[in-house]
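Fold and geometry: a report
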There are 2 protein chains.
Amino acid sequence: MTITAAVPAPSPALTARRPRHDARPTAAQRVLAILDVFDQEHLVLTLSEISRRSGLTLSTTHRLVGELRSWGALDRSDDGRYAIGMRVLELGSLEPKGLRLRTAALPYLGDLHAALATDVNLSVRDGTDVIYVESLRSRHGAPVLTRLGGRWPLHATATGQILLAHAEPELQERVLHGPLKRYTAKTCVDPDALRRTLADVRRSGFTIVDESITAGAVAIAVPVRGAGDRVVSAVGATIRRGSCPPESVLPALSTTARAISRALGSPSARARARG
Amino acid sequence: MTITAAVPAPSPALTARRPRHDARPTAAQRVLAILDVFDQEHLVLTLSEISRRSGLTLSTTHRLVGELRSWGALDRSDDGRYAIGMRVLELGSLEPKGLRLRTAALPYLGDLHAALATDVNLSVRDGTDVIYVESLRSRHGAPVLTRLGGRWPLHATATGQILLAHAEPELQERVLHGPLKRYTAKTCVDPDALRRTLADVRRSGFTIVDESITAGAVAIAVPVRGAGDRVVSAVGATIRRGSCPPESVLPALSTTARAISRALGSPSARARARG
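These figures come from a predicted structure and were not determined experimentally.

The rules behind the values
- Residues numbered from 1 in each chain as written.
- Chains lettered and ligands numbered in written order.
- Predicted model: local features only at pLDDT ≥ 70, side-chain atom pairs only at ≥ 80, totals over all residues.
- Helix = DSSP H or I, 4+ residues; strand = E, 2+ residues; numbered from the N terminus.
- Contact = placed C-beta atoms within 7 Å.
- Least-squares fit on C-alpha atoms with pLDDT ≥ 70 in both.
- Pairing = 2+ DSSP bridges.
- Axes fitted to C-alpha atoms, helices over the stretch in contact; angles between N-to-C directions.
- Expected span 1.5 Å × (residues − 1).
- Buried ≥ 20, exposed ≤ 12 C-beta atoms within 10 Å, placed from the backbone.
- Arc of directions from axis to C-beta.
- Nonpolar A, V, L, I, M, F, W, Y, C, P; charged D, E, K, R; others polar.

Helix and strand counts for chain A come out as 11 helices and 8 strands. Contacts spanning at least 24 positions in sequence make up 55% of the contacts within chain A whose residues lie at least 6 apart.

For the rest of this paragraph, the subject is the relation of the copies chain B and chain A. The two copies are related by a screw motion: chain B maps onto chain A through a turn of 180° and a shift of 0.0 Å along the axis, at an RMSD of 0.1 Å. On this basis, the relationship between the two copies can be described by a two-fold rotation axis. Residue by residue, 100% of the interface of chain B is reproduced at the interface of chain A, so both copies engage with the same surface.

Moving on, we come to the sheet that holds strand β5 (residues 151-153) of chain A. Residue and element names in this part refer to chain A. Pairing is antiparallel in the open sheet, where 6 strands are placed in the order β5-β4-β3-β8-β7-β6. This sheet does not close on itself; its edge strands, each paired only once, are β5 and β6 (207-210). Along the sheet, successive strands turn relative to each other by an average axial angle of 30°, direction set aside. Relative to strand β8 (residues 231-240), strand β3 (residues 119-126) runs antiparallel, the two being bridged by 5 bridges. Across the sheet, residue S123 finds its bridge partner in β8, namely A234. On top of the sheet, helix α7 (residues 158-165) reaches β3, β4 (129-136), β5, β6, β7 (217-225) and β8; it is set at about 35° to β7, its chief contact.

Moving on, we get to helix α4 (residues 58-71) of chain B. Since there are 3.6 residues in each turn of an α-helix, residues three or four apart along the chain are aligned in direction. A rise of 1.5 Å per residue sets the reference length of α4 of chain B, with its 14 residues, at 20 Å; its end C-alpha atoms lie 20 Å apart and thus fit the reference within 8%. The set of residues buried in α4 of chain B consists of T61, L64, V65 and L68 of chain B. Along the long axis of α4 of chain B, the arc covered by the buried residues comes to 105°, so they all point the same way. Residues of α4 of chain B that are buried sit in contact with α2 (27-36) of chain A together with α2 (27-36), α3 (47-54), β2 (74-76) and β3 (82-84) of chain B. Once α4 of chain B ends, the next one or two residues include G72 of chain B, with phi positive near 105°.

All names here are of chain B. Reading across from one edge, β6-β5-β4-β9-β8-β7 is the order of the 6 strands in this open sheet, with antiparallel pairing throughout. Of all strands in the sheet, those with a lone pairing partner are β6 (151-153) and β7 (207-210), marking the two edges. Strand-to-strand, the axes of this sheet are offset by a mean angle of 30°, without reference to chain direction. Pairing analysis gives 4 bridges linking β7 to strand β8 (residues 217-225), with the strands arranged antiparallel. Paired with D210 across the two strands is V218, which belongs to β8. In this fold helix α10 (residues 250-263) packs onto β8 and β9 (231-240), with an angle of close to 30° to the strand it touches most, β8.

A few words on the pairing of β3 of chain A. Residues and elements named next belong to chain A. Along β3, 8 of the 8 residues are buried, which leaves the element largely enclosed by surrounding structure. Burial of the side chains of β3 extends over both faces: D119, N121, S123 and R125 are buried on one face and V120, L122, V124 and D126 on the other. Connecting β3 to the next strand, β4, in antiparallel fashion are 2 residues, including G127 with a positive phi near 65°.

Take unusual backbone geometry next. Backbone phi values are negative for most residues with the exception of glycine, while trans is the configuration of most peptide bonds. Backbone geometry at A117 of chain A places phi at a positive 50°, although glycine is not the residue there. Here A117 of chain A shows up in the loop between α6 (96-116) and β3. In this structure A117 of chain A comes out as partly exposed when scored by C-beta crowding, with 16 C-beta atoms within 10 Å. In this structure, D229 of chain B takes a positive phi of about 60° despite not being glycine. Secondary-structure assignment places D229 of chain B in the loop between β8 and β9.

Another point: the pairing of β7 of chain A. Residues and elements named next belong to chain A. With 9 of its 9 residues buried, β7 lies for the most part within the structure. Note: β7 against β8, 9 bridges, orientation antiparallel. Each bridged residue has a counterpart across the sheet, and for A217 the counterpart in β8 is R240. What sits between the antiparallel neighbours β7 and β8 is a turn of 5 residues, in which G228 has the positive phi angle 65°.

Contact with chain B, which involves 47 residues of that partner, is made by 47 residues of chain A. For the side of chain B that touches chain A, the secondary-structure elements that each account for two or more residues are α2, α4, β3, α5 (86-92), α6 (96-116) and β5 (129-136) of chain B. The element best represented in the side of chain B that touches chain A is α6 of chain B, accounting for 8 residues. Looking at the side of chain B that touches chain A, its residues break down into 25 nonpolar, 11 polar and 11 charged.

Okay, structure coming up:
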């Protein structure tokens, strides 16, 4: 690989993470800035691309990439480019919320997937985003972008709306007052409309989101509860628009959510099982 | 949280990763040593436990944990302990081999899971280990330890034996000459027996591994091929011992492996589809 002159360009990764008053990133921030350059649109990158996107000099990038590679955080492909390594996949599987949820939920989620023959997913909230901790795809599903580890803003997704509706009021206000990203003409980006939607979600116990991110896809989601009946997750399904009435998948979704909630120790799901 | 005196104990994490000639770890190695302390048996740790297990002083640990936490690599629970954060789960999902395989394989793996009603998984090789890049559990499955992101030595698992049998000869020799860890009385730890097993696997195209890691569980696996018909992955199922003849799941496993291989561009799987 040819090492060309370093280009210390301004970096979105570093500037976003670095405290404003500190012009020089710490050693840890430099390491994390390297990892930060990888995303869904940038799975495999050359050393110069990593340097440019991280804002680090080529020599620093070269040294840190070497250290990250020997640890397994980065992997080098045959063509000399770099990607996230297996060690990160392995480490990510130790995230306890996702691990505990997947363990409890996967059998039921598998049943749901078999029953509906469409894409189903299990999500948790991370700040103002939703993360898919499990995603079972179907060949018959809609052409959607859900995938394990995928991150989307709460307001635009069905599971996200469930989690937002049950989040603490401060977080709801933060989302409602923040910029609401528009993906399609149907994405709910009006704070007042979103506030009404969240009230509806709390009252009805489900949400139906029509072509909010992808044309042709309708997403339906219901809450999953844990100890103290707190909403800890949401289970969702995505169907091709027009393939069936979205409401028709609700009984299967609710059954699954109830089974997972019971496995997680939700008192009301246990009571219903006894009663 | 009370910060007590630092205990700079020798650390398995640091000593294993650090070059022997260098007494002082680099900044990047210190960051990675923090992440290294988390594993399946240590999902949630206090600051002092992280310090002790990483071999870093408590003040260094405190500073780095803070930086890792603000980036999202670590998460702080309500009781003040730390765990791997959602950002790592998200980042790990970008690992290209796993991502590409999951995308191609999940629909077929879901069908297999529904058809067999037992645990099925998809694995790739990482050095001398096998990593589960997908694992669909069943309530009817054997009490096994497969899970997404799980790592096991090649010789002891069914998918691992498939991947080892088709690995380059140098790697096979390295595994055959290295220590072969024993999990149960039935784990294959004899190099000659393992060499014969690998030859059988190449000839027959499958492997059956009986109670190699867990009592009561039998694992069956077949290869998944990609471009150039190279074995890139293995698909496996685990059944309760005695529930059915292990060979009876082979047709379903082979069908699934063939469908995934075709999706990955395997010439022979494409030829069979046409012929």
